[in-house]
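What follows is the residue order along each chain.
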Amino acid sequence: MSETMMNAAVLEKPLTIAIKEVKRPAPGPYEALIKVYCIGVCGSDIHYYEHGKIGRYVVDRPIILGHELAGEVIQIGDKVTNVTIGDRVAVEPGVTCGRCNYCKSGRYNLCPEVIFMATPPVDGAWAEYVAIRSDFLFKLPEGMSYEEGALLEPLSVGFHAMKRGRVGPSDRVLILGLGPIGLLGIQAAKLFGVTEIIASDIVPFRREMALKLGATAVINPLEGNMSEQLSLLTGGDGIDVIIESSGNTQAISDTIRLVNRGGRIVYIGLPTAEQIPMDMNLLIDSELDVYGVFRYANTYPAAIQALKNSDIDLRHTITHKFALEDIQKAIDVATTQKDKSIKVMVYPIREDVERSNNN
């Protein structure tokens, strides 16, 4: 293969993906070229693979998926000053304009001109190399693995949810839905000093993982009344903050009656239904604060700093590892083994799969 080409997993159309030689990106003046070490498989990647669209974003031409990544800087543009060749970095995958009111106010995740990896028509990182504006690169401290660097992306969703919900050490937090975002939300809550974290999911493996990651108690929502279970677990004190990451219609609707009066609800999970019935009288009477979460903003530096001074290891959420050339196997595990898989990690170089297991 020539130095101008690279291998990438290309989604040709829904349910059809293959490893192909594509043109290797060249960094612009303000960009850096990253040799990708590892990339996580996200639920959005699977949705694009299976259905070819998410909302208004439609796969209408071949696309490279993947946006949870870390790697090494191997080339920089002549205007880049914040990273150098050889730096190990985590990549924040959404490049914003930096000029609009949202960007200038610090809420750049709402930028209407954002270019987000693996969101049609933008290519992602299931590839050997990516080029990105250097101000969206964050150096990994010594001792932080590439895997942890890649997991900063899904962790950031939970980190942002904690910020939105003004979560603090005195709060009792309930996390609904224990996919990768919910489980990493547990670790985000711990980084915010929370010591009482109750987690809920119908899958036993995920409840077991939640306890391993730091939840103080778990609930199966199919076994008994949720309000009664929560009252028993909290000694009648109830829940101050709910982080809803399941996207389940009933769970979303129930949050209003599960949280304490004056409490806070943060919605992360995207439901399939466009409209969900809510008890607005109860919401108003309880004076609840309700927040939505769209990706994240200003999370990477804070999360890196918090992780440096904690005993949290994000790698516990990784259940499967595959080489990029085995991307179909990685997708199959993520789609068909949800009862025993959490985060599936992909490596462009096969030898790095084994190397990661020895670190």
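As the structure is a computational prediction, the values presented were derived from the model and not from experiment.

Analysis parameters
Residues numbered from 1 in each chain as written. Predicted model: local features only at pLDDT ≥ 70, side-chain atom pairs only at ≥ 80, totals over all residues. Heavy atoms only, no water. Helix = DSSP H or I, 4+ residues; strand = E, 2+ residues; numbered from the N terminus. Rg over C-alpha atoms; globule rule 2.2 N^0.38 Å. Buried < 20%, exposed > 50% of the residue type's maximum accessible area, 1.4 Å probe, protein only. Contact = heavy atoms within 4.5 Å. Areas by Shrake-Rupley, 256 points an atom, 1.4 Å probe, with all protein chains shown as cover. Lys, Arg positive; Asp, Glu negative; His and termini not counted. Charge placed at Lys NZ, Arg CZ, Asp CG, Glu CD. Pairing = 2+ DSSP bridges. Axes fitted to C-alpha atoms, helices over the stretch in contact; angles between N-to-C directions. Salt bridge = Lys/Arg side-chain N within 4 Å of Asp/Glu carboxyl O. Expected span 1.5 Å × (residues − 1). UniProt positions renumbered as here; feature names shortened; annotations may be inferred. Parallel < 35°, antiparallel > 145°, perpendicular 65-115°, else oblique. Left-handed = near helix turned anticlockwise from the far one by under 90°. Nonpolar A, V, L, I, M, F, W, Y, C, P; charged D, E, K, R; others polar. Right-handed = clockwise from strand over helix to strand, strands pointing away. Polar contact = N/O pair within 3.5 Å; in protein donor to acceptor, adjacent residues only side chain to side chain.

## Some words on the overall build of the chain
Then, in step 1: Helix and strand counts for the chain stand at 11 helices and 20 strands.
Then, in step 2: Relative to the compact-globule value of 21 Å for 359 residues, the chain shows a C-alpha radius of gyration of 20 Å, a close match.
Then, in step 3: In terms of overall dimensions, the chain has a C-alpha envelope of 65 × 40 × 40 Å along the principal axes.
Then, in step 4: Considering the chain as a whole, with its 359 residues, one finds that 54% of them fall into the buried category.
Then, in step 5: When contacts within the chain are restricted to residue pairs at least 6 apart in sequence, those whose partners lie at least 24 apart make up 70%.
Then, in step 6: Counting only carbon and sulfur atoms, one obtains 50% of the accessible surface of the chain, whose full area is about 16300 Å².
Then, in step 7: Charge-centre separation for the chain: the mean point of 36 positive side chains lies 3 Å from the mean point of 44 negative side chains.

## As for the sheet that holds strand β13 (residues 172-176)
Then, in step 1: Pairing within the open sheet is parallel, and its six strands lie in the order β15-β14-β13-β16-β17-β18. Two strands in the sheet have a free side with no partner beyond their single neighbour: β15 (217-219) and β18 (289-292). Ignoring strand direction, the axes of neighbouring strands in this sheet form an average angle of 20 degrees.
Then, in step 2: Pairing between strand β14 (residues 196-200) and β15: three bridges, direction parallel.

## Overview of the pattern of salt bridges
Then, in step 1: Inspection of every chain in the model, using the stated rule, returns 15 salt bridges.
Then, in step 2: Between Asp-135 and Arg-133 there is a salt bridge, with its nearest N and O atoms 2.8 Å apart.
Then, in step 3: Put simply, Arg-172 and Asp-240 hold a salt bridge, and the shortest N to O gap is 3.8 Å. Of the two residues, Arg-172 sits in strand β13 while Asp-240 sits in strand β16 (residues 239-244), which places them 68 residues apart along the sequence.
Then, in step 4: Residue Arg-172 is classed as buried on the basis of its relative accessible area of 15%.
Then, in step 5: Overlapping salt bridges, with partners in common, bring together Glu-148, Asp-313 and Arg-315 in one network.

## A short note on unusual backbone geometry
Then, in step 1: With an omega of 5 degrees, the peptide bond between Pro-120 and Pro-121 qualifies as cis.
Then, in step 2: Locating Pro-121 in the fold gives a position in the loop between β10 (115-116) and β11 (129-133).
Then, in step 3: The backbone of Asn-298 shows a phi angle near 55 degrees, a positive value even though the residue is not glycine.
Then, in step 4: For Asn-298, the location among the structural elements is in the loop between β18 and α9 (300-308).
Then, in step 5: On the basis of relative accessible area, Asn-298 is assigned to the partly exposed category, the value being 41%.

## So, helix α4 (residues 180-191)
Then, in step 1: The end-to-end C-alpha distance of α4 is 17 Å, a good match for the 16 Å that 12 residues give at a rise of 1.5 Å each.
Then, in step 2: Most of α4 is tucked away: nine of the 12 residues are buried.
Then, in step 3: Lining the buried residues of α4 we find α3 (146-164), β13, β14, α5 (204-213) and α9.

## Overview of the UniProt feature "domain: Enoyl reductase (ER)" (unreviewed entry) in the chain
Then, in step 1: Mapped onto the present numbering, the UniProt feature "domain: Enoyl reductase (ER)" (unreviewed entry) falls on residues 14-346.
Then, in step 2: Within the segment residues 14-346, helix and strand shares are 29% and 27% respectively, and the terminal C-alpha atoms sit 20 Å apart.

## A closer look at the sheet that holds strand β6 (residues 63-64)
Then, in step 1: With antiparallel pairing, three strands are arranged side by side in an open sheet as β2-β1-β6. Every interior strand has two partners, whereas the edge strands, β2 (16-23) and β6, have only one.
Then, in step 2: One ladder, built from eight bridges, connects strand β1 (residues 5-13) with β2; its direction is antiparallel. For Asn-7, the partnering residue across the bridge sits in β2 and is Glu-21.

## Examining the packing of α3 against α4
Then, in step 1: As a packed pair, α3 and α4 sit with axes 8 Å apart at the nearest point and diverge in direction by 60 degrees. As far as their axial angle goes, α4 and α3 are oblique. In terms of crossing hand, the pair formed by α3 and α4 is right-handed. Every residue of α4 that contacts α3 at Leu-151, Pro-154, Leu-155, Val-157, Gly-158, Phe-159 and Met-162 is listed here: Ile-181, Leu-184, Gly-185, Ala-188, Ala-189 and Leu-191.
Then, in step 2: Taken together, the residues that form the contact of α3 with α4 break down as 11 nonpolar, two polar and no charged.

## Observations concerning the pairing of strand β19 (residues 318-323)
For a regular strand, the rule is simple: side chains alternate between the two faces of the sheet.
Then, in step 1: Two strands pair when backbone bridges link them, and β19 and strand β20 (residues 343-347) are joined in this way by five bridges, in the parallel orientation. Of the residues in β20, the one forming a bridge with Ala-323 is Tyr-347.
Then, in step 2: Handedness of the crossover joining β19 and β20 through helix α10 (residues 327-336): right-handed.

## Some points on the environment of Asp-123
Then, in step 1: Looking at where Asp-123 falls in the secondary structure, it is placed in the loop between β10 and β11.
Then, in step 2: Judged by its relative accessible area of 35%, Asp-123 is partly exposed.
Then, in step 3: Between the alpha carbons of Asp-123 and Glu-287 there is a distance of 43 Å; along the sequence they are 164 residues apart.
Then, in step 4: Within the structure, the side chain of Asp-123 is placed 2.9 Å from the backbone nitrogen of Ile-64, a separation counted as a polar contact.

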